[in-house]
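As a plain string of letters, each chain reads:
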Amino acid sequence: MGAREQDCVFCEIVAGAAEARVVHEDEHTLAFFPLAPATRGHTLVVPKAHAADLWAMDEAAAQRLFHTVMVVGRALRAVLRPDGMNVVNSAGAVATQTVFHTHVHLVPRGPGDTMGTIWPPKGAGFRYEDDAATDALAARLSAAIVRRPAP
């Protein structure tokens, strides 16, 4: 089992010190139902080793986490046959992260469910200043990307 952070509820669940309805476990990850699900089947997938957010994880750990997201997500789709599914990871308080242990929400969706929309209404989103500024930002981002071969 990975490193454990004091006062982390997800570390407590991983350690077996707090109860959870576990739906999947392997050497590196754990998937369980949250205490306050947004929809039927809402599942959290966490790495067993504590990492405050996705950006604190190394690439191998992130790959293992998202492998489990795919495994559990496919099972949710097969069992519940939802009309759609949100796959949500929030990193940082301003991005609505409330438990600072990396986790991915799998939220099966259906018409009229209680989840609501997660995007601003059409036309209310961010607008870039102009084409030149947008092109400059794209160039800076492209230059900052560290290129590695795919696994």
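For the structure itself, consult the block above.
All values derive from a computational prediction rather than experimental measurement. (Residues numbered from 1 in each chain as written. Predicted model: local features only at pLDDT ≥ 70, side-chain atom pairs only at ≥ 80, totals over all residues. Heavy atoms only, no water.)

1. With respect to the nonpolar core
Part 1 of the argument: Among the nonpolar cores identified, the biggest contains 13 residues, and Val45, Met57, Leu65, Val69, Val72 and Leu106 are the most heavily contacted of them.
Part 2 of the argument: Aside from chain neighbours lying at most four places away, what touches Leu65 is Thr29, Val45, Val46, Pro47, Met57, Thr102 and Val104.
Part 3 of the argument: In terms of nonpolar packing, the next biggest core, distinct from the first, is built from 10 residues, Cys8, Cys11, Phe32 and Val46 among them. (Core = buried A, V, L, I, M, F, W, Y, C linked by side-chain atoms within 4.5 Å. Buried < 20%, exposed > 50% of the residue type's maximum accessible area, 1.4 Å probe, protein only. Contact = heavy atoms within 4.5 Å.)

2. Focus: the packing of aromatic side chains
Describing an aromatic ring pair means giving the distance of the ring centres and the angle of the ring planes.
Part 1 of the argument: All told, the structure shown has 2 aromatic pairs when counted by the stated rule.
Part 2 of the argument: Between Phe10 and Phe32, the aromatic rings sit 5.5 Å apart at their centres with planes inclined by 75°, giving edge-to-face as the arrangement. With a gap of 22 residues between them, Phe10 in helix α1 (residues 9-15) and Phe32 in strand β2 (residues 29-33) connect regions that are remote in the sequence. Neither Phe10 nor Phe32 differs from the other in exposure class; each is buried.
Part 3 of the argument: Ring plane angle 90° and centroid distance 5.1 Å describe the contact between Phe126 and Tyr128, whose orientation is recorded as edge-to-face.
Part 4 of the argument: By relative accessible area, which is 64% here, Phe126 ends up exposed. (Phe/Tyr/Trp six-rings, centres within 6.5 Å; stacked < 30°, edge-to-face > 60°. Helix = DSSP H or I, 4+ residues; strand = E, 2+ residues; numbered from the N terminus.)

3. Quick look at the pattern of salt bridges
Part 1 of the argument: Per the stated rule, a full pass over the model turns up 2 salt bridges.
Part 2 of the argument: Among the ionic pairs, Lys48 bridges to Glu25, the shortest N-O distance being 2.7 Å. With Lys48 in the loop between β3 (43-47) and α2 (59-80) and Glu25 in strand β1 (residues 21-25), this pair connects stretches of sequence that are 23 residues apart.
Part 3 of the argument: For Glu25, a relative accessible area of 48% gives the class partly exposed. (Salt bridge = Lys/Arg side-chain N within 4 Å of Asp/Glu carboxyl O.)

4. Looking at the state of the cysteines
Part 1 of the argument: Scanning the entire structure with this criterion turns up 0 disulfides.
Part 2 of the argument: The thiol sulfur of Cys8 is not disulfide-bonded, and the nearest other cysteine sulfur, from Cys11, lies at 3.7 Å.
Part 3 of the argument: Note on Cys8: relative accessible area 6%, which makes it buried. (Disulfide = S-S within 2.5 Å.)

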